Amino acid sequence: MDPMAAYQQTVVWTGQRVAGVRTEDFGLPTPCTEWDVHALLAHLVAAIWFFKALAAGEPVADLMKSLTDLVGDDPFASYDQAARAGLEAWGAPGALDRTYTLPMGERSGGEALRIHQADLLLHGWDLAEATHQDSTIASELAAFSLETERWFVQPGMRGAGRAYAAARTAADDSDEARLLAFTGRDPRWR
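Bear in mind the structure is a predicted one, so any value in this text is a computation, not a measurement.

Definitions and cut-offs
- Residues numbered from 1 in each chain as written.
- Predicted model: local features only at pLDDT ≥ 70, side-chain atom pairs only at ≥ 80, totals over all residues.
- Heavy atoms only, no water.
- Salt bridge = Lys/Arg side-chain N within 4 Å of Asp/Glu carboxyl O.
- Helix = DSSP H or I, 4+ residues; strand = E, 2+ residues; numbered from the N terminus.
- Buried < 20%, exposed > 50% of the residue type's maximum accessible area, 1.4 Å probe, protein only.
- Pairing = 2+ DSSP bridges.
- Contact = heavy atoms within 4.5 Å.
- Phe/Tyr/Trp six-rings, centres within 6.5 Å; stacked < 30°, edge-to-face > 60°.
- Lys NZ or Arg CZ within 6 Å of the ring centre and 35° of its normal.
- Axes fitted to C-alpha atoms, helices over the stretch in contact; angles between N-to-C directions.
- Parallel < 35°, antiparallel > 145°, perpendicular 65-115°, else oblique.
- Left-handed = near helix turned anticlockwise from the far one by under 90°.
- pLDDT = per-residue confidence, 0-100.

Chemist: Can you walk me through the pattern of salt bridges in this structure?
Modeler: Opposite charge on two side chains permits them to pair, given that their charged atoms come into close proximity. Enumeration according to the criterion identifies ten salt bridges in this entry. The salt bridge partner of Arg84 is Asp80, with a shortest N-O separation of 2.9 Å. With a gap of four residues between them, Arg84 and Asp80 both fall in helix H4 (residues 75–91), about one helical turn apart. A relative accessible area of 57% places Arg84 in the exposed class. A relative accessible area of 22% places Asp80 in the partly exposed class. The partner of Asp126 in a salt bridge is Arg185, with the nearest N and O atoms 2.8 Å apart. One end of the pair, Asp126, is in helix H5 (residues 109–130); the other, Arg185, is in the segment after helix H7 (175–182), with 59 residues separating them in the sequence. One network of salt bridges, in which partners are shared, links Arg22, Glu24 and Asp25.

See below:
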């Protein structure tokens with residue numbers, strides 16, 4: 001699977017979960033213990049705008065500080081607007097061929113998009129779990145994201161207050177279970 005195809009599928013899959021969120025769900029807890037549903041939605045939308053700006057060659061140094069509440073009263077409309085812009089920026093000629101400066105260092109366009117895709121997929125799972133929607137991740141997407149996470153996640157990124165919890169033992173040998181376990185997610189988090 002190539003990064004753009006994985007990104008396109010993930011944008012749709014996560015978007016379906018965002019479409020299932022109601023404003024009364026905003027205060028629900030999520031597997032990301034520091035975020036409720038509203039904060040998780042805000043992260044999803046802001047991350048798409050960040051990576052869109054990156055791909056479009058726009059300044060990103062202070063962008064995340066200026067992206068506050070992008071969710072509003074219609075989470076799907078906010079997500080959809082960002083997702084369309086992200087897909088357009090990453091689909092532009094040469095976007096995957098450039099090198100980008102991310103907070104974690106220099107990355108090729110393909111690597112940058114893979115990092116974004118995996119984050120979007122995993123937080124889509126978090127959102128689905130929090131709002132009692134189908135959280136099943138297709139095997140091909142899970143395997144692709146697991147491959148990304150294996151080279152991306154460094155030991156210093158795990159632990160309390162960090163991006164990832166400690167890895168867990170997978171519930172079974174499926175690609176989805178291995179992805180969730182590697183990224184520290186507990187399917188029985190509730």
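Chemist: What's the story with the pairing of strand E2 (residues 105–108) in this structure? I'm lost.
Modeler: Looking along a regular strand, one sees side chains alternate from face to face of the sheet. Bridge count between strand E1 (residues 99–102) and E2: four bridges; the pairing is antiparallel. Among the inter-strand pairings, Thr101 is bridged to a residue of E2, identified as Glu106. What sits between E1 and E2 in their antiparallel hairpin is a turn of two residues.

Chemist: Sorry if this is basic, but what is going on with the environment of Met1 here?
Modeler: Assignment of secondary structure puts Met1 in the segment before helix H1 (3–19). Residue class for Met1 comes out partly exposed when judged on its relative accessible area of 37%. Along the backbone, Met1 and Pro59 are 58 residues apart, and their C-alpha atoms lie at a distance of 30 Å.

Chemist: How should the environment of Val37 be read in this particular structure?
Modeler: Note on placement: Val37 falls in helix H2 (residues 37–56). Here Val37 falls in the buried class, since its relative accessible area comes to 0%. For Val37 and Trp151, which are 114 residues apart along the polypeptide, the C-alpha to C-alpha distance reads 28 Å. Once residues lying within four places of it in the same chain are set aside, the contact partners of Val37 are Val21, Asp25, Phe26, Leu28, Thr30, Leu127, Ala130 and Thr131.

Chemist: Would you explain the packing of aromatic side chains in this entry?
Modeler: Aromatic ring pairs are defined here through the distance separating the ring centres and the angle between the ring planes. Following the criterion strictly, the structure yields three aromatic pairs and no others. With centroids separated by 5.3 Å and ring planes inclined at 80°, the aromatic side chains of Phe50 and Phe51 adopt a geometry described as edge-to-face. For Phe50, a relative accessible area of 9% corresponds to the buried category. Measuring from centroid to centroid gives 6.5 Å for Trp151 and Phe152, while their planes differ by 85°, and the two rings are edge-to-face. The ring of Phe182 is capped by Arg158, whose NZ or CZ atom sits 4.8 Å from the centre of that ring.

Chemist: Just checking my understanding: could you explain the packing of H2 against H5 for this structure?
Modeler: When two helices pack together, their arrangement is given by the angle between the helix axes and the distance between those axes. One way to put it is that H2 packs onto H5 with a least axis distance of 10 Å and a crossing angle of 160°. The orientation of H2 relative to H5 falls into the category roughly antiparallel. In terms of crossing hand, the pair formed by H2 and H5 is left-handed. Residues Val37, Leu40, Leu41, His43, Leu44, Ala47, Ile48 and Phe51 of H2 pack against Ala112, His116, Asp119, Leu120, His123, Asp126, Leu127 and Ala130 of H5.

Chemist: When you look at the confidence of the model for the protein chain in this model, what are you seeing that I'm missing?
Modeler: Should the pLDDT be low somewhere, the predicted coordinates at that spot are not to be read in detail. Predicted confidence across the protein chain gives a mean pLDDT of 93, with 96% of residues reaching 70 or more. Per-element averaging of pLDDT across the protein chain places helix H3 (residues 63–66) at the bottom with 64 and H1 at the top with 98.

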